[in-house]
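Analysis of the macromolecular model
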Amino acid sequence: MIQLLLIAVSLALDAMAVSVSVGIANPRAALKQGLRMGLWFGAFQFGMPLLGFLLGRTLSVYVEAVAPFVAFALLAFVGGRMVLDSLQNKDCQLPEAAAGDLTARRLFALAVATSIDALAVGVSAAFMALPLFLSCAVIGMTAFLLSLLGVLVGKKLGCVFQRWAQVFGGCVLILIGLKFLAERLFF
C-alpha cells in the first residue's frame, strides 16, 4: 500500500505543479479553479492508469520475460522526464494552456498532459500485480487533492516549490522502478 501511495503522489505532483502555477497566476479564483482542476486531473489520473493497465495486461502474455525491464524503463523514463522538465524550467513559466482562463478545452489539454505518465505507470502496474480499481481510485483521489491544494497555496509557495515537487516526484518513480527491477531479478 505504501508503494501505491508513493506512486499516486509522484504522479500527482506534476498536476500539483500546474495547479500551483494557476494559483500564482489567478489567486482570486483559487477555490473555484482548484475544484475544477482537481476534478479534471483526478478523473484523468483515474482513467489513464486504468487504460494503461488494460493495455499492459493484454500485452503481458507476450512480454512476461521482459516485464521487469519494461516496468523499470517506463517508470525511469517518466521519472527522468519529470526531473529534467523541472530543472530546465528555471523561469517557472506557466504551461501555455494554463496562461489564460481555464476553459474546458484548456483543462482537457492540461489533464491529458499531466496524466500521460499515469498511462505508462498503468502499463507497469499490470506487471506489478497492483489491485486495479483501488490503484486507480487512489491515484485519482490523490491527484484531485493535490491539485486542489496546489491552487490554494500556489500564490504563497511560488516557483521554488513547483520545481522541487517535480524533481521529488520523478526521483520517487525512478526508485520504485529500480525496486521493482531488483525484486524481480534478485529475489
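Here the residue numbering is sequential within each chain, running from 1 through the sequence in written order. Per-residue local features of the predicted model are confined to residues with pLDDT of at least 70, and side-chain atom pairs are confined, for both listing and counting, to 80 or more; whole-chain, interface and lining totals are unaffected and use all residues. Remark: hydrogens and water are excluded; side-chain values derive from all non-hydrogen atoms of the structure.

**Digging into the overall build of the protein chain**
In this text, helices come from DSSP runs of H or I with a minimum length of four residues, and strands from runs of E with a minimum of two, each type numbered from the N-terminal end. Along the protein chain, the regular secondary structure elements total five helices and zero strands. Secondary structure elements of the protein chain, listed N to C terminal, follow the sequence α-α-α-α-α. Among the 187 residues that make up the protein chain, the fraction classed as buried is 50%. Across the protein chain, contacts joining residues at least 24 apart in sequence account for 94% of those joining residues at least 6 apart. Exposure was quantified through the Shrake-Rupley algorithm and a 1.4 Å probe, taking into account, for residues, occlusion by the shown protein chains and nothing else. For the protein chain, the accessible surface area stands at approximately 9200 Å², while carbon and sulfur atoms represent 72% of it. For every residue, the accessible area obtained with a 1.4 Å probe (protein chains only) is divided by the maximum for its type, and the residue is called buried under 20%, exposed over 50%, and partly exposed between those limits. Whether two residues are in contact is decided by their heavy atoms, any of which lying within 4.5 Å being enough.

**Concerning the packing of aromatic side chains**
Stacked, tilted and edge-to-face are the three classes assigned to paired rings of Phe, Tyr and Trp, where Trp is represented by its six-membered ring and a pair needs centres within 6.5 Å; plane angles under 30 degrees give stacked, over 60 edge-to-face, the rest tilted. This structure, assessed with the given rule, holds two aromatic pairs. Here Trp-40 and Phe-44 contribute two aromatic rings whose centre-to-centre distance is 6.2 Å and whose plane-to-plane angle is 15°, an arrangement assigned as stacked. Of the two residues, Trp-40 and Phe-44 are both situated in helix α2 (residues 30-63); the distance of four residues between them amounts to about one turn of the helix. Exposure remark for Trp-40: the relative accessible area of 27% places this residue in the partly exposed category. Measuring from ring centre to ring centre gives 5.6 Å for Phe-44 and Phe-108, while their planes differ by 75°; the resulting arrangement is edge-to-face.

**Considerations on the side chain of Ser-10**
Locating Ser-10 in the fold gives a position in helix α1 (residues 2-25). Not counting residues up to four positions away in its chain, the partners in contact with Ser-10 are Met-82, Gly-169, Val-172 and Leu-173.

**Some thoughts on the environment of Leu-87**
The topology assignment puts Leu-87 in helix α3 (residues 67-88). Look at Leu-87 and you get partly exposed, because its relative accessible area is 34%. Put simply, Leu-87 and Gln-166 are 79 residues apart on the chain and 8.9 Å apart in space, counted from C-alpha to C-alpha. Setting aside residues up to four positions removed in sequence, Leu-87 forms contacts with Arg-163, Trp-164 and Val-167.

**Some remarks on the environment of Met-82**
Of note, Met-82 is situated in helix α3. You can call Met-82 buried: its relative accessible area is 1%. Spatially, the C-alpha atoms of Met-82 and Val-167 are 6.4 Å apart, while their sequence positions differ by 85 residues. Other than its neighbours up to four places away in sequence, Met-82 contacts Ser-10, Asp-14, Asp-117, Gln-166, Gly-169, Gly-170 and Leu-173.

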